[in-house]
2 protein chains.
Amino acid sequence: MTRPAVDATHDPSVTSWVESANQPGADFPVQNLPLGIFTPAGSTSPRVGCAIGDQVLDLAALAGAGLLPEILVEAASAPTLNAYMALRAVHRRSLRSRLFELLRADAPSEVQEQVAPFLSSRSDVEPQLPATVGDYTDFYASVYHATNVGSMFRPNNPLLPNYKHIPIGYHGRASSVRVSGTKVRRPSGQTKADSDEAPSFGPSRLLDYELEVGFWLGPGNSLGSNIAIDEAEEHLVGLCLVNDWSARDLQKWEYQPLGPFLAKSFLTSVSPWVVTNEALAPFRVAAFERDAGDPQPLPYLSSKDNHQHGGIDLTVEAYLSTAAMRQQGIEPVRLSRGSLRYLYWTPAQMITHHSSNGCNLQAGDLLASGTVSGPEKDSRGCLLELTWRGAEPIELPSGESRKFLQSGDEVIFKGYCESSGRVRIGFGECRGLVV
Amino acid sequence: MTRPAVDATHDPSVTSWVESANQPGADFPVQNLPLGIFTPAGSTSPRVGCAIGDQVLDLAALAGAGLLPEILVEAASAPTLNAYMALRAVHRRSLRSRLFELLRADAPSEVQEQVAPFLSSRSDVEPQLPATVGDYTDFYASVYHATNVGSMFRPNNPLLPNYKHIPIGYHGRASSVRVSGTKVRRPSGQTKADSDEAPSFGPSRLLDYELEVGFWLGPGNSLGSNIAIDEAEEHLVGLCLVNDWSARDLQKWEYQPLGPFLAKSFLTSVSPWVVTNEALAPFRVAAFERDAGDPQPLPYLSSKDNHQHGGIDLTVEAYLSTAAMRQQGIEPVRLSRGSLRYLYWTPAQMITHHSSNGCNLQAGDLLASGTVSGPEKDSRGCLLELTWRGAEPIELPSGESRKFLQSGDEVIFKGYCESSGRVRIGFGECRGLVV
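Rules used in this analysis
- Residues numbered from 1 in each chain as written.
- Chains lettered and ligands numbered in written order.
- Predicted model: local features only at pLDDT ≥ 70, side-chain atom pairs only at ≥ 80, totals over all residues.
- Heavy atoms only, no water.
- Helix = DSSP H or I, 4+ residues; strand = E, 2+ residues; numbered from the N terminus.
- Rg over C-alpha atoms; globule rule 2.2 N^0.38 Å.
- Buried < 20%, exposed > 50% of the residue type's maximum accessible area, 1.4 Å probe, protein only.
- Contact = heavy atoms within 4.5 Å.
- Areas by Shrake-Rupley, 256 points an atom, 1.4 Å probe, with all protein chains shown as cover.
- Lys, Arg positive; Asp, Glu negative; His and termini not counted.
- Charge placed at Lys NZ, Arg CZ, Asp CG, Glu CD.
- Phe/Tyr/Trp six-rings, centres within 6.5 Å; stacked < 30°, edge-to-face > 60°.
- Lys NZ or Arg CZ within 6 Å of the ring centre and 35° of its normal.
- Least-squares fit on C-alpha atoms with pLDDT ≥ 70 in both.
- Buried area = accessible area lost by both parts, 1.4 Å probe.
- Salt bridge = Lys/Arg side-chain N within 4 Å of Asp/Glu carboxyl O.
- Polar contact = N/O pair within 3.5 Å; in protein donor to acceptor, adjacent residues only side chain to side chain.
- Nonpolar A, V, L, I, M, F, W, Y, C, P; charged D, E, K, R; others polar.

### What to know about the overall build of chain A
Part 1: Looking only at helices and strands, one finds 11 helices and 25 strands in chain A.
Part 2: Computed over its C-alpha atoms, the radius of gyration of chain A comes to 22 Å, within 12% of the 22 Å expected for a compact globule of 435 residues.
Part 3: Reported as C-alpha extents along the three principal axes, the dimensions of chain A are approximately 75 × 55 × 40 Å.
Part 4: Relative to its full complement of 435 residues, chain A shows a buried share of 62%.
Part 5: Counting contacts in chain A only where the partners sit at least 6 residues apart, residues at least 24 apart contribute 74% of the total.
Part 6: About 15400 Å² of surface is accessible on chain A, with carbon and sulfur atoms providing 49% of the total.
Part 7: Charge separation in chain A, taken as the distance between the mean sites of 37 positive and 48 negative side-chain charges, equals 4 Å.

So, in structure tokens, the structure goes:
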């Protein structure tokens, strides 16, 4: 069993000498310690950082000052997190423990004096894509999303016969994965309305977001080998928020018979901070509870530990802000709130299934959950579902309504784990403005 | 128009001072000059090479000796072809011209003496994957293949309504692209026969090859921009043979609704030598001739030059050798022979379509044609089609028969361009032994 355990780094009584990390509702307390890549103000050299409160700690500087164990120096000094992701989990955990010791409020004052110069305000730095994405795979793990979408396109047959047996996924485009804040250019492509005789080429009119959770992988397996279910979390480095922007009109015309292609590959946005699997240890929950008539997972996707603790109780939210709302001083409005626990398949099951044919997973690969939708209407994770294909437009406080995204709309995702007796772990934001 | 022109480097009267390049039927005459990556005997350092006859020329050594223009030195000295692929076409062409001048039979004897030490026998070196594959995209460009496969799975509706309007493709797995000669491990996965109640997990029983042609790309476009049809060939660096190994039983169960996934991602094999787009200039042909009732390509996929010269008359062949055949001294038997000219879409149309939504293509991306099947039975490019899903087994000279691949089977692809008055351009081989 390689799932991280709750240990001293989750102790809710510990605070940080970085005061902003101790504010109620802070995304990045000392129990979180997410990693990312940033460029300092006025620099173009990317560096590994750890978010703490409203600050970022420069890990390359920390390594340069001899404050990290030797085994971590190379990974901490690299321009991407790929080297960190390639480390064995035991070494990734040693980095977390070290950062926790350096940043806790009762760290010796000489330690605080040594570390403090390596902090910068996060508002002064530029977040970058955390890793060079080798391959990007998008799953379809929410049974609510699959059922909703299926019932629009195949009313008599919403959920296909394979869905409850096999984690459905497809290869996505790695080159167009970008960090939060990247502007969303409306893609052009072929579309054909049912009433049209022939398709035409032009800008998408049905631009949508998809609220997803990403899984950064490492160290991975070699070609021809596979990852057993109880070994899978050795390879789950951390999580992020993912917006898998989608052009529904392109998708409808192109996706038969080989799946989505250009409807998705124009942009995929990820939040900049990799919340480590270790940080989420206190928020593990049982795998999705299947209905009485549902099949049990096949043995290669099944273990007692996965069944009891394979889920993660991560809440994700989607917000919308239109140009008119910003002009009128109206705050972004929440469109949906869902949870990763609604996923029919656990992250470990997705990793194990992906490698089960001998496919090699690599450090820096990104898996995504597919749209996170839950059973209620306000937990539907995309406009296609929320507006039921445009039939039920969303009314906004600015007096506008939306079926799909308009230019000037900004979509903002947030994510967090909360449970009583535990310090809240936040994911920051994943943003994108449609231009 | 960025399509390479026929020039002095295609002069059929020129021979090479490397005698083996002048043999009739040689794959690599001085008019070819394909590039690849190799490791010399006893070394693990990959180097850029050019195949000439039965030799390989070490381009890093050539650069080190000052025999290449300055602009090419970095690309020639790199451990992959990515830097070469990132060069503008004009510089890629200057490398071809330079190699042609150095290797032609009437090169000054002092040039020959300078260059000769940088040649090694190809049988002494180890070919490597030509480039780090950023993204791998597989198209479905043979209308014969699409019709054959469609008529097996959807007898009433073999060719979907979008096929003749839009180049169908999907994202493949980049991490499992390997060089020719990599052994093929039979993948395991979920399968479900029509007669089974539930799926089971185990080794694929319907292992197949797919005879495809690959397109190595560079320099590519930035995210949000696109590549116009008459600019597309600036980004077509060269071609190779591709075997998109497929597990048909996994594919059947998993592919709805998001397309092929683990049925393909266990291995994709490519031939080691990148035959440049320049080398193929004499073999350009008109784009596929559409039937009278077929739609014209939409304007973004259409140009006079593409219509008249967008096709490439590249013949591809698949051979099979079983363990018993090798034991009995029987030569590999040819299973099919097809041509890239049977593709419904040209390489330029695939490149332009792929970037039409703003998706960024990058140096080192690999596109593949999809299975190259033609109108005749002996031009069907995979066993699924050749044996009509196993209903018509292939009889082999060893007394065996095959519906799908067995352990010990070796699949060998060959490719070449031939036309009267032109020197034959060969692609070498793409091999894989099933273990």
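Picking up where we left off.
### Thoughts on the packing of aromatic side chains
Residues and elements named next belong to chain A.
Part 1: Per the counting criterion, the structure on display carries 20 aromatic pairs over all chains.
Part 2: With 6.1 Å between their ring centres and 70° between their planes, Tyr 140 and Tyr 163 make a pair best called edge-to-face. Of this pair, Tyr 140 sits in the loop between strand E6 (136-139) and helix H6 (143-153) while Tyr 163 sits in the loop between H6 and strand E7 (169-171), placing them 23 residues apart in sequence. Neither Tyr 140 nor Tyr 163 differs from the other in exposure class; each is buried.
Part 3: If you follow Lys 414 out to its NZ or CZ, it ends over the ring of Tyr 319, 4.7 Å from the centre.

### Let's talk about the relation of the copies chain B and chain A
Part 1: Laying chain B over chain A is done by rotating through 180° and shifting 0.0 Å along the axis; what remains is an RMSD of 0.0 Å. Read as a symmetry element, the transformation amounts to a two-fold axis. When each C-alpha of chain B is compared by its distance to the rotation axis, Gly259(B) comes out closest, at 2.2 Å.
Part 2: A shared binding surface is used by both copies, with 100% of the interface residues of chain B retained as interface residues in chain A.

### Section: the interface of chain B and chain A
Interface size is commonly expressed as the accessible surface area that is lost when the partners come together.
Part 1: With 56 residues of chain B at the interface, the matching set in chain A holds 56 residues.
Part 2: Around 5200 Å² of area is buried between chain B and chain A when both sides are counted, 62% of it from carbon and sulfur atoms.
Part 3: Viewed at the interface, chain A and chain B are joined by four salt bridges.
Part 4: A salt bridge links Arg173(A) to Asp135(B); its shortest N-O distance comes to 3.4 Å.
Part 5: For the interface between chain B and chain A, the tally reads 24 residue pairs in polar contact (both at pLDDT 80 or more).
Part 6: Counting residues per element, the ones that place at least two in the side of chain B that touches chain A are strand E6 (136-139), strand E7 (169-171), strand E9 (188-191), strand E10 (200-203), helix H7 (248-254) and helix H10 (347-355) of chain B.
Part 7: At three residues, the largest contribution of residues to the side of chain B that touches chain A is made by E7(B).
Part 8: For the side of chain B that touches chain A, the per-class residue count stands at 27 nonpolar, 22 polar and seven charged.

Honestly, it's all geometry; don't read function into it.
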